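Here's the letter readout for the chains.
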Amino acid sequence: MSEPSETEATDTGRHGVLGAVATTKAAIGAGAVGCAAPAPPTAPAAPHDAAAAPPRTLGRTGARVEPVSLGGEGILRTTNRHREAVPVILEALRLGVRYCDTAPAYQQSQDYYGEAFRAAGPKAREQVFLASKTHARDRDGALRLLDDSLRRLGTDHLDLWQLHDLRELDELDAIFGKRGAIEAVEQARADGRVRHVGITGHHDPQILVEAMRRYPVDTVLCAINPSDPARLPFLTTVVAEARRRGVGVIGMKIMAAGRLLQDRAASPGELIRYAASHADTVVIGCSSIAEVRENLGARSLPFPMPPAERAALEARVAPRAGRYDTFKA
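For clarity, every value in this text was computed on a predicted model and none was experimentally measured.

To continue, consider the overall build of the protein chain. For the protein chain, the helix and strand inventory stands at 13 helices and ten strands. Counting only contacts in the protein chain whose residues sit at least 6 apart along the sequence, the fraction spanning at least 24 positions is 80%. As displayed, the protein chain has an accessible area near 12500 Å², and 53% of this comes from carbon and sulfur atoms.

In structure tokens, the structure reads:
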């Protein structure tokens, strides 16, 4: 299967959008979220804000993750931009990011991570829960991608290996059939190259539900934003099934590839709080060091978002929901 062409795990339309946390908290109390200019690259930053929301447990993996994590897109989904991309990862590591996302389909994202881990020192890799993916549906193709991922990331194992961008029942039949990718998962878990297995998708929620029925995955990565209830909802299907089974939930497309921000339909603080109220963590792509600081600064926002506030946000977005869920079937 060819590499998926649609953005999978992060929203890349975000540019300097979170602002100061103190201002955000005050604005939330007034019913709106304010934005401020990003801090200059030389501004100091503490490894972790003492006021940050406590870590959550990522389902049956037992891993401790924070509401906001580092995605594998943004500047990381590029080619030959090491000088810009690697510092983004290094800043996230310095600020204590716990979960990092990438994939073979994300151009040189895995190479950038590998370079950053080498630059940060021998212990840097072990301080994060590292997730990558396979878009191959067959055993041999998946194992080739896995070995290439490990080489590029400079590690001997993945904490999470995900079956990437599931869309059709035929794909599930191939994955779970003879010499399918699930055989690669089993082999890699047995020999220690992979510790946990997950699934991802943003196309049809029923495909992810069916995948969970067919195999005891540890995590699911799915789309979560306030347009979700309007059509093919993931929250009442995939997330509900995952919670019933003890499967960890990771949120993506929380800003609808930036469209919710472009339309001023919601603030970034609202969108992060909404998605992280349903997921254990959300992955967001970054284009600069300033965005890393802003995104990880969201750890200090009030979580969870109250149900009434979530419902009001869904109602506000509903009239144009179709613009924000174009990634669905």
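It is worth spelling out helix α3 (residues 109–120) at this point. For α3, built from twelve residues, the straight-helix expectation of 16 Å at 1.5 Å per residue is met to within 8% by its first-to-last C-alpha distance of 17 Å. Of all the residues in α3, the buried ones are Ser109, Gln110, Tyr112, Tyr113, Gly114, Ala116 and Phe117. As for α3, its buried residues are in contact with β3 (68–74), α2 (82–94), β4 (99–101), β5 (129–134) and α4 (139–153). Count one or two residues on from α3 and you reach glycine 121, which has phi positive near 110°.

Glancing now at empty space enclosed by the protein. A complete count under the given rule lists one cavity of 30 Å³ or more for this structure. What the largest cavity holds in volume is close to 40 Å³. Taken together, Val68, Ser69, Leu70, Ala92, Ile284, Cys286, Val292, Asn295 and Leu296 form the lining of the largest cavity. Mapped by element, the contributors of at least two residues to the lining of the largest cavity are β3, β10 (281–286) and α11 (289–297).

Taken across its six residues, β5 has six buried, putting it largely inside the fold. The side-chain alternation of β5 yields two buried faces, one formed by Phe129, Ala131 and Lys133 and the other by Leu130, Ser132 and Thr134. Once the chain exits β4 it traverses α3 before rejoining the sheet at β5, and the crossover so formed is right-handed. Bridge count for β5 against strand β6 (residues 160–163) is four bridges, and the pairing is parallel. Within β6, the position partnered with alanine 131 by the bridge is leucine 160. For the handedness criterion, the β-α-β arrangement of β5, α4 and β6 is classed as right-handed.

A few words now on the nonpolar core. Within the largest apolar cluster, 86 residues are counted, with the highest numbers of intra-cluster contacts made by Trp161, Leu166, Ile199 and Ile224. With eleven residues, the next largest nonpolar core counts Leu58, Leu221, Ile250 and Met252 among its residues.

Let's shift gears to the environment of alanine 119. For alanine 119, the location among the structural elements is in helix α3. On the basis of relative accessibility, which here comes to 56%, the residue alanine 119 falls in the exposed class. Expressed as a C-alpha distance, the spacing of alanine 119 and proline 87, which sit 32 residues apart in the sequence, is 9.8 Å.

Right, let's get into the pattern of salt bridges. Applying the stated criterion across every chain yields a total of 31 salt bridges. A salt bridge links arginine 214 to glutamate 210, with the nearest nitrogen and oxygen atoms 2.9 Å apart. Highlighted residues: arginine 214 and glutamate 210, both in helix α7 (residues 205–214), separated by four residues, approximately one helical turn. Judged by relative accessible area, glutamate 210 falls into the partly exposed class, the value being 22%. Aspartate 263 is the partner of arginine 323 in a salt bridge, and the nearest nitrogen-oxygen pair spans 2.6 Å. Highlighted residues: arginine 323 in helix α13 (residues 321–324) and aspartate 263 in the loop between α9 (259–262) and α10 (268–278), separated in sequence by 60 residues. Using a relative accessible area of 24% as the deciding quantity, one classes aspartate 263 as partly exposed. Here the residues in one salt-bridge network are Asp111, Asp148, Arg151 and Arg152, joined through shared partners.

Let us now look at unusual backbone geometry. In the segment running from phenylalanine 303 into proline 304, the intervening peptide bond is cis, with an omega of -10°. Mapped onto the fold, proline 304 is located in the loop between α11 and α12 (307–317). At alanine 257, a residue that is not glycine, the phi angle is positive and equals roughly 55°. Summarising the element assignment, alanine 257 is placed in the loop between β9 (248–252) and α9.

Criteria and cut-off values
- Residues numbered from 1 in each chain as written.
- Predicted model: local features only at pLDDT ≥ 70, side-chain atom pairs only at ≥ 80, totals over all residues.
- Heavy atoms only, no water.
- Helix = DSSP H or I, 4+ residues; strand = E, 2+ residues; numbered from the N terminus.
- Contact = heavy atoms within 4.5 Å.
- Areas by Shrake-Rupley, 256 points an atom, 1.4 Å probe, with all protein chains shown as cover.
- Expected span 1.5 Å × (residues − 1).
- Buried < 20%, exposed > 50% of the residue type's maximum accessible area, 1.4 Å probe, protein only.
- 1 Å grid on protein atoms, 1.4 Å probe; cavity = no way out; pocket = protein on both sides within 12 Å on 5 of 7 lines; lining within 4 Å.
- Points joined across faces, edges and corners; volume = space filled by probe spheres on them.
- Right-handed = clockwise from strand over helix to strand, strands pointing away.
- Pairing = 2+ DSSP bridges.
- Core = buried A, V, L, I, M, F, W, Y, C linked by side-chain atoms within 4.5 Å.
- Salt bridge = Lys/Arg side-chain N within 4 Å of Asp/Glu carboxyl O.

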